[in-house]
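Spelled out from the first residue to the last, the chains are:
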Number of protein chains: 2
Amino acid sequence: MTDGTRPPPAAGNGLLDRRLFLTGGAAALAGLGIAQARAAEAPRQPWARVPGAPMSGYGSRSRFEEHVQRVGIGAQPGTSGSGASRTPLEHLEGTITPNGLGFERHHSGVPDIDPERHELLIHGRVRRPLRFSMAALARYPLVTRTYFLECSGNSGVLATAPEPPDRGCGELHGLISASEYTGIPLAALLDEAGPLKDAAWVVAEGDDAARMSRSVPLVKALDDAMLVLYQNGERLRPEHGYPLRLLLPGYEGNMSVKWLRRLDITAQPAMSRDETSKYSDLQADGSALLFTFPMAVKSVITSPSPGLDLHGPGLYQISGLAWSGHGAIRSVQVSADGGRSWAAAQLDSPGSALGLTRFRAAWRWNGAPTRLLSRATDHSGATQPDRADWLARHGGSAFYHYNAIQAWGIDADGRARNVYA
Amino acid sequence: MTDGTRPPPAAGNGLLDRRLFLTGGAAALAGLGIAQARAAEAPRQPWARVPGAPMSGYGSRSRFEEHVQRVGIGAQPGTSGSGASRTPLEHLEGTITPNGLGFERHHSGVPDIDPERHELLIHGRVRRPLRFSMAALARYPLVTRTYFLECSGNSGVLATAPEPPDRGCGELHGLISASEYTGIPLAALLDEAGPLKDAAWVVAEGDDAARMSRSVPLVKALDDAMLVLYQNGERLRPEHGYPLRLLLPGYEGNMSVKWLRRLDITAQPAMSRDETSKYSDLQADGSALLFTFPMAVKSVITSPSPGLDLHGPGLYQISGLAWSGHGAIRSVQVSADGGRSWAAAQLDSPGSALGLTRFRAAWRWNGAPTRLLSRATDHSGATQPDRADWLARHGGSAFYHYNAIQAWGIDADGRARNVYA
């Protein structure tokens with residue numbers, strides 16, 4: 001404390017030391033000035049005057065929380081299921097996405113698969129083609145890991161829209177979720193099938209009507225790829241691939257093929273519809289990045305953000321998420337003066353290397369309009385570019401794999417809105 | 001490998017090295033003998049011939065998984081909400097319990113609380129009594145941690161029933177769940193209220209019709225206690241304390257008072273109904289343990305277990321959960337010969353110190369009847385007693401805090417059932 005009551009600044013415009021909320025206690029929090037010293041008990045509420053509801057077989061949310069829904073739901077013209085829904089990041093906290101709010105991206109809707117009739121085929125350039133019922137897969141060993149999953153199109157509108165869209169955090173960045181996954185290491189099944197010498201790719205195909213398929217490098221499939229059966233403790237949900245999905249930690253989401261029915265081991269990538277018509281990135285110099293597998297380092301402040309506005313000057317906790325497909329988050333910096341100065345955020349119980357990391361920072365807002373930014377750096381040393389740098393590198397027609405710094409403008413009335421940094 | 005194909009034993013009756021499934025590959029898994037070499041593709045299933053279901057605002061489970069429900073639901077006579085429901089541990093995997101399946105223990109049902117009208121009062125032996133609306137609490141700093149929560153009555157029937165009850169894993173041991181919690185460190189609010197010199201206890205009271213209340217040592221309240229707002233990313237569910245619950249990591253579940261409305265700072269424990277008529281443990285020597293706060297070290301094999309039977313001799317993965325209120329799990333040992341020999345299980349990505357730890361072991365079953373056991377040891381060095389030792393120490397009328405070793409009998413036909421070790 002510089003003067004015994006005021007915590008020291010960590011960067012310009014009110015950013016405070018990241019340990020403030022851990023150590024500051026009363027002196028620091030006195031700045032909140034929101035507790036009311038009224039010792040009388042509240043009158044007994046109606047809900048406490050009657051016996052409550054009974055136990056239930058499978059619980060559901062409070063009726064007061066039903067407004068929290070996936071956002072940005074949209075389907076392609078003429079379809080109801082070819083499209084996406086987004087995780088409402090601004091309504092969530094921590095690092096796990098509840099299954100009911102995990103983002104969706106479907107190429108022909110969600111199939112209604114009977115697990116008793118579903119099979120997985122492994123064939124192609126292998127010594128022993130194999131076919132598994134779900135009951136047969138149940139005999140294989142499981143591992144449990146926490147990973148994020150991000151659609152490569154996440155945040156892409158920020159690359160293409162000339163003016164910053166007036167949308168919320170989830171609408172802009174909600175094609176990302178994170179879960180605890182339990183499944184079979186794919187290497188176990190591939191070892192059993194025995195890839196031939198020229199095997200180099202695994203073409204994964206889903207059992208939706210679109211037969212969505214992607215080519216996966218065999219080295220990734222033999223490394224940390226999983227065949228997922230459980231998500232956050234329970235069986236996969238239908239919209240996330242029930243009863244079986246591929247999961248490629250850190251890679252762009254569509255490669256983690258849902259409703260997995262077939263792994264075709266090949267010498268070359270399939271050049272499937274879904275990896276040529278989509279998910280290829282035309283660059284500024286006219287070349288195209290055919291394959292961009294790991295998602296780039298990225299972060300976003302979830303609070304404050306549009307809809308979670310500030311209520312007068314004073315002390316606030318900035319909270320956000322950071323992730324990278326290249327490995328663990330090493331640090332996150334935040335700026336409260338539009339990027340002129342930066343302070344290190346607190347990483348709150350950093351999880352697995354390829355999960356989401358929650359970051360937090362203490363900020364005393366003086367009531368003047370400003371811009372809040374976050375910038376993550378991963379263990380490879382990669383850090384987020386600003387929007388102009390990203391556009392200069394990737395060109396005006398690029399859309400996928402957008403990972404530039406997000407800025408939220410704060411107006412004098414405390415309203416937060418999307419701006420370009 | 002001892003002979004090039006057979007993995008070495010780790011303990012009697014087929015327990016194999018814990019790294020088998022991580023490193024064994026084809027040679028080890030060949031023992032499964034279940035993959036079918038039929039390379040032909042399965043016929044196109046009906047669900048893949050039609051467009052699937054659209055995106056949804058808040059997802060739900062597959063209709064093929066609706067049989068997975070909380071188990072052992074029971075209420076006291078004349079009530080519908082004074083009772084418990086249990087987590088179906090045998091149907092889950094990993095370490096996170098989905099919110100819909102987290103166990104319940106209510107003393108007068110689940111109140112339907114409107115968060116706009118709910119308040120928290122902190123008063124008693126403090127300098128500044130404080131009263132908070134939920135909106136006021138939203139300004140305070142948050143932390144995210146993963147913890148288990150176990151009812152002190154969990155597994156108690158195994159202490160009192162002379163013959164082993166013919167029940168499943170969740171029915172016997174399902175008064176435990178684990179979640180990622182996000183909330184306010186209680187110390188921040190207590191610091192602001194300013195406990196007086198003689199303050200030593202915090203009496204926490206819920207806003208259910210029972211006004212369930214418990215006394216918490218102030219040292220615990222100032223250490224790692226949280227006021228929880230979010231569970232597994234979303235707001236608390238009603239049955240878990242919406243909109244606000246106390247959480248005391250590692251302590252018996254009922255002290256983590258749900259629907260929290262009041263914290264009364266006192267010099268002495270309140271000796272409330274809920275800490276004298278219940279949750280006191282009469283011992284063999286006639287004395288009573290009035291307060292038993294941290295839950296003891298414990299483990300249970302979730303697979304195989306009753307209902308998850310074995311299908312013929314061969315290789316299996318044993319999977320289970322371990323936890324301790326005294327700190328992280330240091331090791332789990334498993335026995336496949338009724339306790340004569342033990343092998344170290346693999347701890348699968350051990351989580352936070354006071355969360356659940358998933359353990360796994362490789363076992364080649366020879367088809368003969370036997371007993372499977374697990375025994376956890378925590379970082380304090382404490383380990384699980386067997387049932388006879390537990391009863392000798394705690395006496396025939398003890399019920400709470402049962403943590404003896406669980407044994408599953410395996411019959412010649414592969415059926416698993418509850419037995420006393």
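Residues numbered from 1 in each chain as written. Chains lettered and ligands numbered in written order. Predicted model: local features only at pLDDT ≥ 70, side-chain atom pairs only at ≥ 80, totals over all residues. Heavy atoms only, no water.

Novice: Looking at this model, I keep getting lost on the sheet that holds strand E7 (residues 130–133) of chain A. Mind explaining?
Specialist: Hydrogen bonds between backbone atoms are what pair the strands of a sheet, whose relative direction is either parallel or antiparallel. All names here are of chain A. Here we have five strands laid out as an open sheet, ordered E7-E6-E15-E10-E11, and mixed in their pairing. Each having just a single partner strand, E7 and strand E11 (213–217) make up the two edges of the open sheet. Direction aside, the axes of adjacent strands within the sheet are offset by 15 degrees on average. With six bridges joining them, strand E10 (residues 201–206) and strand E15 (residues 260–266) adopt antiparallel strand pairing. Among the inter-strand pairings, Val 203 is bridged to a residue of E15, identified as Asp 264. (Pairing = 2+ DSSP bridges. Helix = DSSP H or I, 4+ residues; strand = E, 2+ residues; numbered from the N terminus. Axes fitted to C-alpha atoms, helices over the stretch in contact; angles between N-to-C directions.)

Novice: Honestly, the sheet that holds strand E11 (residues 213–217) of chain B in this entry has me stumped. Any pointers?
Specialist: All names here are of chain B. In spatial order, the strands read E7-E6-E15-E10-E11; together these five strands make up an open sheet with mixed pairing. Looking at strand neighbours, the two that pair on one side only are strand E7 (130–133) and E11, the edges of this open sheet. Strand-to-strand, the axes of this sheet are offset by a mean angle of 15 degrees, without reference to chain direction. Two elements, strand E6 (residues 119–124) and strand E15 (residues 260–266), share four bridges in a ladder whose sense is parallel. Residue Gly 124 lies in a different strand from E15, and its bridge partner there is Ile 265.

Novice: In this structure, what is going on with the interface of chain A and chain B? I would like to understand it.
Specialist: One widely used convention gives an interface's size as the accessible area the parts lose upon coming together. Taken together, the contacts link 114 residues of chain A with 114 residues of chain B. When the two sides are added together, the surface that chain A and chain B hide from each other amounts to roughly 9800 Å², 54% of it contributed by carbon and sulfur. It is A:Trp47, A:Met55 and A:Arg139 that lose the most area in chain A upon contact with chain B, and together they represent 10% of the buried surface on that side. Summed over the shared surface of chain A and chain B, the result is four salt bridges. (Contact = heavy atoms within 4.5 Å. Buried area = accessible area lost by both parts, 1.4 Å probe. Salt bridge = Lys/Arg side-chain N within 4 Å of Asp/Glu carboxyl O.)

Novice: What exactly am I supposed to notice about the pairing of E11(A) here?
Specialist: Residues in a regular strand point their side chains to alternate faces of the sheet. All names here are of chain A. For E11, the buried fraction is high: five of the five residues fall into the buried class. Inspection of the sheet shows E10 paired to E11 by five bridges, in the antiparallel sense. Looking across to E11, one finds that Trp 201 is bridged to Pro 217. Where E10 hands over to E11, the hairpin turn is made up of six residues, of which Arg 211 adopts a positive phi near 45 degrees. (Buried < 20%, exposed > 50% of the residue type's maximum accessible area, 1.4 Å probe, protein only.)

Geometry only, nothing functional implied.
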